[in-house]
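Structural features, examined
Chain by chain, the residues run as shown.
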Amino acid sequence: MNWPLVPQQVMTGILNGGTIALIALGIVLIFKASEVYNFAHGHLVMLGAFLTWWFAGAEERGGELFNLPLWAATLAAVAMAMLLGLAIERFILRPMTGQPVLAIILVTLGLAQFIEGGASILFGAQPKSNFPTPFSPSDVIRIPFPGAFNDTIILKQSLVASFLVAAVASALFILFFQYTKTGLAMRATAENHDVAQGVGIRVSRIFALSWAIAGVIATVGGVLLATVTGVSLNMATVVLIAFPAVLLGGLESFAGAIVGGLIVGLSQALVQASRNIEVRNSAEIVPYILLLIILIVRPEGLFGQKRIERI
Amino acid sequence: MLKVNNIEVVYSDVILVLRGVSLSVESGQIVALLGANGAGKTTTLKAITGLLRTQQGKVTRGSIELEGRRIDRLSPDGIVRLGVAQVFEARRLFSHLTVEENLLTGMLFRPESLRSPAVRNDLEQVYHFFPRLKDLRRRTAGYLSGGEQQMVAIGRALMARPRLMLLDEPSLGLAPLLVQEIFEIIQRINAESGVSMLLVEQNAAVALQIAHHAYVMETGRIVLDGPAGQLMENADIKEFYLGLTQLGERKSYRDVKHYRRRKRWLG
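1. Concerning the pattern of salt bridges
The final tally for this structure, using the stated rule, is 19 salt bridges over all chains. One salt bridge in this structure joins Glu89(A) and Arg94(A), with 2.9 Å as the shortest N-O distance. When its relative accessible area of 3% is taken as the criterion, Glu89(A) is described as buried. Judged by relative accessible area, which is 30%, Arg94(A) ranks as partly exposed. Because the salt bridges share partners, they merge into one network encompassing Arg110(B), Glu112(B), Asp122(B) and Arg161(B).

2. Points about the packing of helix α2 (residues 41-55) of chain A against helix α4 (residues 101-123) of chain A
All names here are of chain A. Packing of α2 against α4 brings their axes to within 9 Å, and their N-to-C directions diverge by 20°. On the basis of their axis angle, the class for α2 and α4 is roughly parallel. Seen along the crossing, α2 lies across α4 with a hand that is left-handed. Each of His43, Leu44, Met46, Leu47, Phe50, Leu51, Trp53 and Trp54 in α2 lies in contact with α4, whose residues at this interface are Ala112, Ile115, Glu116, Ala119 and Phe123. Looking at side-chain class alone, the contact of α2 with α4 contains 11 nonpolar, one polar and one charged residues.

3. Side note on the nonpolar core
Core analysis: the biggest nonpolar cluster contains 142 residues, and Phe130(B), Leu133(B), Ile154(B), Met165(B) and Ile189(B) have the highest contact counts within it. With 14 residues, the top contributor of residues to this core is helix α8 (residues 203-229) of chain A. Per-domain counts for this core show at least three residues from each of domain 1 (2-83 + 162-233) and domain 2 (95-161) of chain B. Among all residues touching Ile154(B), those that are not within four sequence positions of it are Val87(B), Phe130(B), Met165(B), Leu167(B), Ile182(B), Ile186(B) and Ile189(B).

4. Observations concerning the domain arrangement of chain B
Residues and elements named next belong to chain B. Structurally, chain B comprises domain 1 (2-83 + 162-233) and domain 2 (95-161). For domain 1 and domain 2, the distance between their C-alpha centres works out to 23 Å. Tallying the contact residues gives 17 residues for domain 1 and 14 residues for domain 2. Together domain 1 and domain 2 conceal approximately 1400 Å² of surface at their shared face, both sides included; 72% is due to carbon and sulfur atoms. Taken as a group, Pro162, Ile182 and Ile189 account for 31% of the area that domain 1 buries against domain 2, more than any other trio of residues on that side. For the pair domain 1 and domain 2, the number of links is one salt bridge. Across the pair Glu181 and Arg132 runs a salt bridge, and its minimum N-O distance is 3.3 Å. Our enumeration of links across domain 1 and domain 2 arrives at two residue pairs in polar contact (both at pLDDT 80 or more). Elements supplying a minimum of two residues to the side of domain 1 that touches domain 2: α2 (76-81), β7 (164-168) and α7 (176-193). Of all the elements, α7 adds the most residues to the side of domain 1 that touches domain 2, at eight residues.

Parameters at a glance
Residues numbered from 1 in each chain as written. Chains lettered and ligands numbered in written order. Predicted model: local features only at pLDDT ≥ 70, side-chain atom pairs only at ≥ 80, totals over all residues. Heavy atoms only, no water. Salt bridge = Lys/Arg side-chain N within 4 Å of Asp/Glu carboxyl O. Buried < 20%, exposed > 50% of the residue type's maximum accessible area, 1.4 Å probe, protein only. Axes fitted to C-alpha atoms, helices over the stretch in contact; angles between N-to-C directions. Helix = DSSP H or I, 4+ residues; strand = E, 2+ residues; numbered from the N terminus. Parallel < 35°, antiparallel > 145°, perpendicular 65-115°, else oblique. Left-handed = near helix turned anticlockwise from the far one by under 90°. Contact = heavy atoms within 4.5 Å. Nonpolar A, V, L, I, M, F, W, Y, C, P; charged D, E, K, R; others polar. Core = buried A, V, L, I, M, F, W, Y, C linked by side-chain atoms within 4.5 Å. Domains from an automatic or database assignment. Buried area = accessible area lost by both parts, 1.4 Å probe. Polar contact = N/O pair within 3.5 Å; in protein donor to acceptor, adjacent residues only side chain to side chain.

Quick look at the structure:
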């Protein structure tokens, strides 16, 4: 272990974890509403980033239609993602109502391929390095910290900003769920579709809304990711990092998704502080090892709902 | 108020469950629907609430009218919007939500916000009928006792400000004393708020105590109906549902030869 690097890596890990948490939230949302694990969520993230990039007029070929500032481009992409979410629910998932859950999950895998193909046709398969981020890689914040490498922690501004945005978005999301009427309707529907219908909730509308919100937070996550890494089709593989985060926290828990995201970010970053190159290269599997250990101890995840059973 | 006219219900297009059921609930009344397991009581309720469709059931003949308006083709949430609230069999609470959240789910279809004075007022009304729920309101519903859960289930239906309340076996799985308490409160709710009630029960003794009128169902049809007081005196009811002999004493199983009279009903 390279101890002077640890404080630096702890901070970086937590900041990275923020975006992972936001992406994990979107997966949990769909799972709660319809018990479907949405394998296409990473592709929604990728598509959101591409749409933002496109609306911001960053097209290399000079054929740009729009030339919006980043915030407006993000808003436009969010609106598109919301419509896309509604369309996915209406035309892909609603016809599948009543089919086995496994069939619906496989449909999301197909949807993922469809989005990937569509994005590569529309935007080209090359990674785009010209995402209009307001930060340059050299913009850093230095925090004095005795004991760290050179007694300072260096953080990229883009990383700090994306963490803050992810934190605000997650907080808004949870407040919405906990305290609004629609949020309550969504939580009730998540528990039991039949009873929700029986008390007068329009269940199909709740599903549509869940997908719209999932589209929105996927896009926000995509923009945050893009400001740090740039835009590429490979962004969709972020689901592979979000997956252990979702399961760690417990599939049905928003708090769990956030904590899970932070744990995953932290564990990946801490491994980077190792002196052993073999260990450093294993950063991608470390969250899965942690996942294995936690699920053995707590099968429902850290914050997962215990099945309430009265005997 | 509610009129069910000669309905037939078929599950999966082949299984005939109701064979011409007619009943009516007058405004402000408690009407009991009695019968043994499998008689078709719950199916009748599901036909009224529109939840049949989610279970591959269909009303194939007859009609259901609420205040003169046909409701047998409406969606379940549309029927709730017309003022028909239901207390599900076996409570069926949202077990991970708190007591108060469960109560609030009953008003989600209404236009008011969660914190509006009207809704606060309705909550107070529920706590007025069930004072115990006020202390439990932040507790997770799934961990309450059966009786408390039943109170939440009735309270949730009240939050819809219903004109007609459908109660599916509120006595299920409760201790006799609790059943008595719950039924007294149901009677008070009916008397104080004037909501009409259709009460489905196996426990004929308690149901007849609070009902104004009652129907008896067997194998998918109504076999007997009349004012509750009159039914309580009926020899068949006494024997099959109240477990008493004609002299009003508890009888032993040795003397039960109910197949004779039962034959008449099934014919």
